[in-house]
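# Coordinate inspection notes
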Amino acid sequence: MNGIHDMGGMHGMGAVITEENEPPFHHEWERRTFSLFASLFVGGHFNVDMFRHAIERMPPVHYLEESYYEHWMHAFETLLIERGVITANELSGAVKPLPVPPETPVLRQGMVQAVVSTGGGARVEIDLPASFSPGDRVRAKNINPAGHTRLPRYVRGKVGTIVIDHGVFITPDTAAHDQGDHPQHVYSVSFDATELWGSEAPRKDTVRIDLWDDYLEAS
């Protein structure tokens, strides 16, 4: 979506500071937050695109001030309240939480690796015609959706070349809003750096971005 959350290609954010020998988690609460995603996902409380969209709806100042796993916690709290899984009073500790319904799916040990490594997966094994083929020149549509999208702002209106057809996947723009899977082809599209950022960009550099059929038009 349009906002501070789509930071790709933007200037003025400073250098990316790396930490030598950085651990996977800096605090125990971060480790627990990471494990919550798999549990809540398997429980059917949200999908990956709903989760991403919840983070995108954070107030810009909070988004910039808070850490990576604080973004995750914000998404969990937002989605669980919106979907009626918990109440604001339960979250704040004002009232005792109700027990989880017995039919709620539970994460089992044997499921952890698949959920963590694939996020549930978005590939759909159905036969659908592709709008484009490798080698085709395409333009990313210049659209500004109010909701979730995986079409970065910095490629909108830019021309690139289809490199790979990855096959058919769920569309994030609809999945994020509980509007169905809307499966379609996803392509790896190669853009010249000069096409994206002008003549001062390195002329030999390219950027490859995975884009859905609905994001593209023939050039």
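Residues numbered from 1 in each chain as written. Predicted model: local features only at pLDDT ≥ 70, side-chain atom pairs only at ≥ 80, totals over all residues. Heavy atoms only, no water.

This part covers helix 4 (residues 68-82). Spanning 15 residues, helix 4 covers 22 Å between terminal C-alpha atoms, matching the ideal 21 Å at 1.5 Å per step. Here the buried face of helix 4 lies against helix 1 (28-42), helix 2 (48-56) and helix 3 (60-65). Note on helix 4: the residue one or two positions beyond its end, Gly84, has a positive phi of about 75 degrees. (Helix = DSSP H or I, 4+ residues; strand = E, 2+ residues; numbered from the N terminus. Expected span 1.5 Å × (residues − 1). Contact = heavy atoms within 4.5 Å.)

With domains assigned, the protein chain is organised as domain 1 (28-118) and domain 2 (136-218). For domain 1 and domain 2, the distance between their C-alpha centres works out to 28 Å. Domain 1 puts seven residues into the contact, and the matching count from domain 2 is nine residues. Contact between domain 1 and domain 2 buries roughly 630 Å² in total, counting both sides, with carbon and sulfur atoms accounting for 50%. Of all residues in domain 1, Asp49, Met50 and His53 give up the largest surface area on contact with domain 2, accounting jointly for 62% of the area buried on that side. The interface formed by domain 1 and domain 2 contains one salt bridge. Between Asp178 and Arg83 there is a salt bridge, with its nearest N and O atoms 3.8 Å apart. Counting every contact that joins domain 1 to domain 2 gives two residue pairs in polar contact (both at pLDDT 80 or more). (Domains from an automatic or database assignment. Buried area = accessible area lost by both parts, 1.4 Å probe. Salt bridge = Lys/Arg side-chain N within 4 Å of Asp/Glu carboxyl O. Polar contact = N/O pair within 3.5 Å; in protein donor to acceptor, adjacent residues only side chain to side chain.)

Aromatic ring pairs are defined here through the distance separating the ring centres and the angle between the ring planes. Counted by the stated rule, this structure contains 18 aromatic pairs. The interplanar angle of 55 degrees and the centroid separation of 5.7 Å between the aromatic rings of Phe37 and Phe46 together place this pair among those described as tilted. Just as Phe37 is buried, Phe46 falls in that class too. An angle of 50 degrees between the planes, with centres 5.7 Å apart, marks the rings of Tyr68 and Trp72 as tilted. On the criterion of helical spacing, the pair formed by Tyr68 and Trp72 is a turn pair, its members being four residues apart in helix 4. A relative accessible area of 10% places Trp72 in the buried class. What links up through ring pairs into an aromatic cluster is the set Phe25, Phe34, Phe37, Phe41, Phe46, Phe51, Tyr68, Tyr69, Trp72 and Phe76. (Phe/Tyr/Trp six-rings, centres within 6.5 Å; stacked < 30°, edge-to-face > 60°. Buried < 20%, exposed > 50% of the residue type's maximum accessible area, 1.4 Å probe, protein only.)

Okay, the UniProt feature "domain: Nitrile hydratase beta subunit" (unreviewed entry) in the protein chain next. Per the UniProt annotation, the sites labelled "domain: Nitrile hydratase beta subunit" (unreviewed entry) are residues 123-217. The annotated region residues 123-217 carries 9% helix and 35% strand content, and the separation between its end C-alpha atoms amounts to 22 Å. (UniProt positions renumbered as here; feature names shortened; annotations may be inferred.)

One non-glycine residue, Asn21, adopts positive backbone phi at about 55 degrees. The residue Asn21 is located in the segment before helix 1 in this model. Judged by its relative accessible area of 69%, Asn21 falls in the exposed class. Although it is not a glycine, Asp178 adopts a positive phi angle of roughly 60 degrees. Tracing the sequence through the fold places Asp178 in the loop between helix 7 (172-175) and strand 3 (184-192).

Take the packing of helix 2 against helix 4 next. At a closest axis distance of 8 Å, the pairing of helix 2 and helix 4 adopts a crossing angle of 105 degrees. One element, helix 2, and the other, helix 4, form an angle in the roughly perpendicular class. The segment helix 2 lies against helix 4, with Met50, Phe51, Ala54 and Ile55 engaging His71, Trp72, His74, Ala75, Phe76 and Leu79. Residues of the contact of helix 2 with helix 4, tallied by class, amount to eight nonpolar, two polar and no charged. (Axes fitted to C-alpha atoms, helices over the stretch in contact; angles between N-to-C directions. Parallel < 35°, antiparallel > 145°, perpendicular 65-115°, else oblique. Nonpolar A, V, L, I, M, F, W, Y, C, P; charged D, E, K, R; others polar.)

What follows covers a nonpolar patch on the surface. A cluster of nonpolar residues, Phe34, Val112 and Val116, forms a patch on the protein surface that exposes about 210 Å² of accessible area. Tracing the chain through its elements places Val116 in helix 6 (residues 112-118). Relative accessible area serves as the criterion here: at 43%, Val116 is assigned to the partly exposed category. (Patch = residues over 30% accessible without salt bridge, like charges linked within 9 Å, V, L, I, M, F, W, Y side chains within 5 Å. Areas by Shrake-Rupley, 256 points an atom, 1.4 Å probe, with all protein chains shown as cover.)

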